[in-house]
Protein chains: 2
Amino acid sequence: MILAIDVASGEKPLEELVSGAISALPENDKINLILVGNEKSISQALSKKKYDHNRVDIRHSDEIISMDESPANAIKHKKNASVLLAARLVKDKEVDGFFSPGNTGATLAAALTEIGRLKGVMRPPLISTLPKLGGEFCMLDMGANVDCTPDYMAQFAVMGRVFAKRYLKIENPRVGLLNIGEEDSKGNANTKKVFERLQKMKKINFIGNVEPNDMLKSDAADVVVADGFDGNIVLKTIEGTASLVVNMLKTEVKKNPVSVMGGLMMKPVFNSLKSQLSSDSYGSAILLGLNGGAFVGHGKTSGVGVKNAVLNMYKFLENKVNEKIAKELFDSGAKRRIF
Amino acid sequence: MILAIDVASGEKPLEELVSGAISALPENDKINLILVGNEKSISQALSKKKYDHNRVDIRHSDEIISMDESPANAIKHKKNASVLLAARLVKDKEVDGFFSPGNTGATLAAALTEIGRLKGVMRPPLISTLPKLGGEFCMLDMGANVDCTPDYMAQFAVMGRVFAKRYLKIENPRVGLLNIGEEDSKGNANTKKVFERLQKMKKINFIGNVEPNDMLKSDAADVVVADGFDGNIVLKTIEGTASLVVNMLKTEVKKNPVSVMGGLMMKPVFNSLKSQLSSDSYGSAILLGLNGGAFVGHGKTSGVGVKNAVLNMYKFLENKVNEKIAKELFDSGAKRRIF
């Protein structure tokens, strides 16, 4: 399997991203890489590393779409930007999937315009795995689409279930709807409609509304369906709260010598916690429902983050999640795109 | 100032809530209390305590609205439920405000039907203070209203600013709009409309969109305006994440003896963190824009929580937040209720 990695448009230095990407190779000998970015810089970064030269190729691009550019505009005028080249490699079947830690809007736009949607898919949603007590679950849409209709969200439910089955290896995943109360009648005008729609779909194992506080406990849903606005709000609130708690801890620890000592002794604990909650573990998301793999990374993805993304992409593509989605959407009775 | 406390309908035992309420009295000699609930149980709880008998009265109620009852139904059929009696004391001007840690929907309904809205107020929002790094900010609506129109949310902005000025003592509070991106054009159909509306209001010091992760940092907005659905999602995600992080820490600490020891040495740190994040500090919210004070507590409000609520109610009512809201709404140019 060949994967394309945009090493040019993240916030971290290209050298760190190149080094992270190739560090995935010894862990899985079925993965080959095409690194997209400035050829000279990539070659320089590679020259300092030991790796199997047959497994790594370079595709040159001198343009990048920066974090604060308008995605629509940039996609139109920077035809050879690294993220677009990476997505085009998927379209041209040179690779099976691509990853970019750059401008999220541009990465989504590149994936949609270059790779395109599976037959029947209305709005490809971003899915992400999130930590809960003693495990993980997945949630979609994490922010690719706002103002989602019940039709879109019925498709999300089907897609999320396929993802949970094949990627998270959960036998009969329970699907919940993100809401502000557990009772059937809770929510706003849209979640009420979505609830009714999901309840009518016999094959998705719908367990009803799920509140965000319960979602993070161990016994909650395996798949949480949400409008992309709400999903993104949840994602950013989790990120902000985790960071706030850790910072509060640091501030408190410094207040007296005994806790400073205690804090030092707990350093491995903090490191483990940090890695469980970091965007390098949970910061990359997958755009589901396309004719190929599209992985979207957090801007601050580190070398370790790229390595994880490469290994996860393999897992996602090897398990043929998108192929299965095409079939299940057809079987589920969810309304499909017909144009 | 006299405050009514519904000690009957929380999740904690009546005795704990009674004890918590009267423990506020020595800290502020201007507060008197009316405790609402079963007279015999309250008398028994009080008989074990030392307090100034002239400052505490009891109002008997034998009915409670339980946590899982439908608010609309319960309000209609349980005319003498403790929460309704407490709200009615505000309406009858026997007290200045009431607090209930019971069924949130029922508390809101009791406040709306018994106390009623200030002239011009469309939808009274729930406001709450939340912790951020090195301080606090306030956010509204935390869940009283879903499907909020730009008109409602323009009023929320005015009300939130008055609250931040008079209750949090911030000179010229900065108002932000909860959104999934900072740029002016970000968001869903409704936040885009609200953004335009807030931008036109000259007097509210609108600073633009605020993302939830930034909101919890020290330099973000003082007032965050949100639709009640989104506000409630944020509140419950903060609660769930804080609890997840603390539980992950506990799990990790147990994994080796050094960190167990470190954990013991850090116990004061954890306790301080717990109190900074607990629902007893941040779990009570105020329904703004009514003809009296209405405080809504978390179901699991403890004795300490009731004590905090009593002291905060005094601060809120003493600073005449609602009275000032009536005036500012009139001056702000925000559309007002005219029926």
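Residues numbered from 1 in each chain as written. Chains lettered and ligands numbered in written order. Predicted model: local features only at pLDDT ≥ 70, side-chain atom pairs only at ≥ 80, totals over all residues. Heavy atoms only, no water.

(A) Geometry of the packing of aromatic side chains. Overall, the coordinates contain ten aromatic pairs over all chains when judged by the stated rule. Seen in terms of ring centroids, Phe195 of chain B and Phe206 of chain B are 5.3 Å apart; in terms of plane orientation they differ by 70°. Their pairing is edge-to-face. Taken together, the residues Phe195 of chain B in helix α7 (residues 189-200) and Phe206 of chain B in strand β8 (residues 206-210) connect sequence positions eleven residues apart. Residue classification places Phe195 of chain B among the buried residues on the basis of a relative accessible area of 5%. Grouped by ring-pair contacts, the aromatic residues Phe163, Tyr167, Phe295 and Phe316 of chain A constitute a single cluster. Over the ring of Tyr167 of chain A we find Lys315 of chain A, and its NZ or CZ is 4.2 Å from the ring centre. (Phe/Tyr/Trp six-rings, centres within 6.5 Å; stacked < 30°, edge-to-face > 60°. Helix = DSSP H or I, 4+ residues; strand = E, 2+ residues; numbered from the N terminus. Buried < 20%, exposed > 50% of the residue type's maximum accessible area, 1.4 Å probe, protein only. Lys NZ or Arg CZ within 6 Å of the ring centre and 35° of its normal.)

(B) Looking closely at the nonpolar core. Phe98 and Met139 of chain A together with Phe98 and Met139 of chain B are the most contacted members of the largest nonpolar core, which totals 104 residues. Dropping the residues within four chain positions of it, Phe98 of chain A is found in contact with Ala4, Val83, Ala86, Ala87, Val90, Thr107, Ala111, Ile115, Gly293, Ala294, Phe295 and Met313 of chain A. Listed in part, the 64 residues of the second largest apolar core include Leu3, Leu25, Val56 and Ala309 of chain B. (Core = buried A, V, L, I, M, F, W, Y, C linked by side-chain atoms within 4.5 Å. Contact = heavy atoms within 4.5 Å.)

(C) Region of interest: a nonpolar patch on the surface. Residues and elements named next belong to chain A. A contiguous nonpolar surface patch, about 270 Å² in accessible area, is contributed by Val260, Met261 and Leu264. By the secondary structure assignment, Met261 is in helix α10 (residues 257-265). You can call Met261 partly exposed: its relative accessible area is 44%. (Patch = residues over 30% accessible without salt bridge, like charges linked within 9 Å, V, L, I, M, F, W, Y side chains within 5 Å. Areas by Shrake-Rupley, 256 points an atom, 1.4 Å probe, with all protein chains shown as cover. Salt bridge = Lys/Arg side-chain N within 4 Å of Asp/Glu carboxyl O.)

(D) Representation of the sheet that holds strand β4 (residues 97-100) of chain B. All names here are of chain B. The mixed open sheet is built from eleven strands, whose spatial order is β3-β2-β1-β4-β11-β10-β5-β6-β9-β7-β8. Two strands close off the open sheet at either side, each with one partner strand: β3 (56-60) and β8. When the angles between neighbouring strand axes are averaged without regard to direction, this sheet yields 25°. Relative to strand β11 (residues 293-296), strand β10 (residues 285-287) runs antiparallel, the two being bridged by two bridges. Opposite Ala285, over in β11, you have Val296 as the bridge partner. (Pairing = 2+ DSSP bridges. Axes fitted to C-alpha atoms, helices over the stretch in contact; angles between N-to-C directions.)

(E) Spatial organisation of the environment of Asp227 of chain A. Residues and elements named next belong to chain A. Along the polypeptide, Asp227 turns up in the loop between β9 (223-225) and α9 (228-253). Residues Asp227 and Ala45 lie 182 residues apart in sequence; the distance between their C-alpha atoms is 41 Å. Non-local contacts of Asp227, meaning those with residues more than four positions away in its chain, are made with Asp141, Asn145, Val146, Asp147, Cys148 and Met153. In terms of polar contacts, Asp227 uses its side chain to reach the backbone amide nitrogen of Asp147, at 3.2 Å. (Polar contact = N/O pair within 3.5 Å; in protein donor to acceptor, adjacent residues only side chain to side chain.)

(F) Up close: the relation of the copies chain A and chain B. When chain A is fitted onto chain B, the two copies agree to an RMSD of 0.0 Å after a turn of 180° and an axial shift of 0.0 Å. Put plainly, the chains are arranged around a two-fold axis. In terms of C-alpha distance to the rotation axis, chain A has Gly262 of chain A as its closest residue, with the C-alpha 1.9 Å off the axis. Looking at chain A, 100% of its interface residues are interface residues in chain B too, so the copies touch through the same face. (Least-squares fit on C-alpha atoms with pLDDT ≥ 70 in both.)

(G) How the structure looks around the interface of chain A and chain B. At the junction of the two partners, chain A supplies 48 residues and chain B supplies 48 residues. Between chain A and chain B the total buried area reaches about 4,700 Å² when both faces are included, carbon and sulfur atoms providing 76% of it. Here Lys236 of chain A makes a salt bridge to Glu211 of chain B, at a shortest N to O gap of 2.6 Å. At the boundary of chain A with chain B, the tally comes to eight residue pairs in polar contact (both at pLDDT 80 or more). Here the side of chain A that touches chain B gets 19 residues from one element, more than from any other, and that element is α9 of chain A. Partitioned by chemical class, the residues of the side of chain A that touches chain B number 26 nonpolar, 15 polar and seven charged. (Buried area = accessible area lost by both parts, 1.4 Å probe. Nonpolar A, V, L, I, M, F, W, Y, C, P; charged D, E, K, R; others polar.)

(H) Structural detail: the sheet that holds strand β1 (residues 2-6) of chain A. All names here are of chain A. Spatial ordering of the open sheet is given by β3-β2-β1-β4-β11-β10-β5-β6-β9-β7-β8, a layout of eleven strands whose pairing is mixed. The open sheet has two free edges, formed respectively by β3 (56-60) and β8 (206-210), since each of these has just one partner strand. Geometrically, the sheet is characterised by an average inter-axis angle of 25° between neighbouring strands, direction not taken into account. Across two bridges, the pairing between strand β5 (residues 126-132) and strand β10 (residues 285-287) is antiparallel. Directly across from Leu126, in β10, lies its bridge partner Leu287.

(I) The packing of helix α1 (residues 14-22) of chain B against helix α13 (residues 303-318) of chain B, seen in detail. All names here are of chain B. For the pair α1 and α13, the least separation of the axes is 7 Å and the interaxial angle reads 40°. Seen along the crossing, α1 lies across α13 with a hand that is right-handed. Residues Glu16, Leu17, Gly20 and Ala21 of α1 pack against Gly303, Val306, Lys307 and Val310 of α13. Partitioned by chemical class, the residues of the contact of α1 with α13 number four nonpolar, two polar and two charged. (Left-handed = near helix turned anticlockwise from the far one by under 90°.)

(J) Structural view of the pattern of salt bridges. All chains considered together, the criterion is met by 28 salt bridges over all chains. Residue Lys324 of chain B pairs with Glu328 of chain B through a salt bridge whose shortest N-O separation is 3.7 Å. One end of the pair, Lys324 of chain B, and the other, Glu328 of chain B, are both in helix α14 (residues 321-332), four residues apart, so they sit about a helical turn from each other. Its relative accessible area of 22% is what places Glu328 of chain B among the partly exposed residues. In the salt-bridge network here, residues are joined through shared partners; they are Arg88, Lys91 and Glu114 of chain A.

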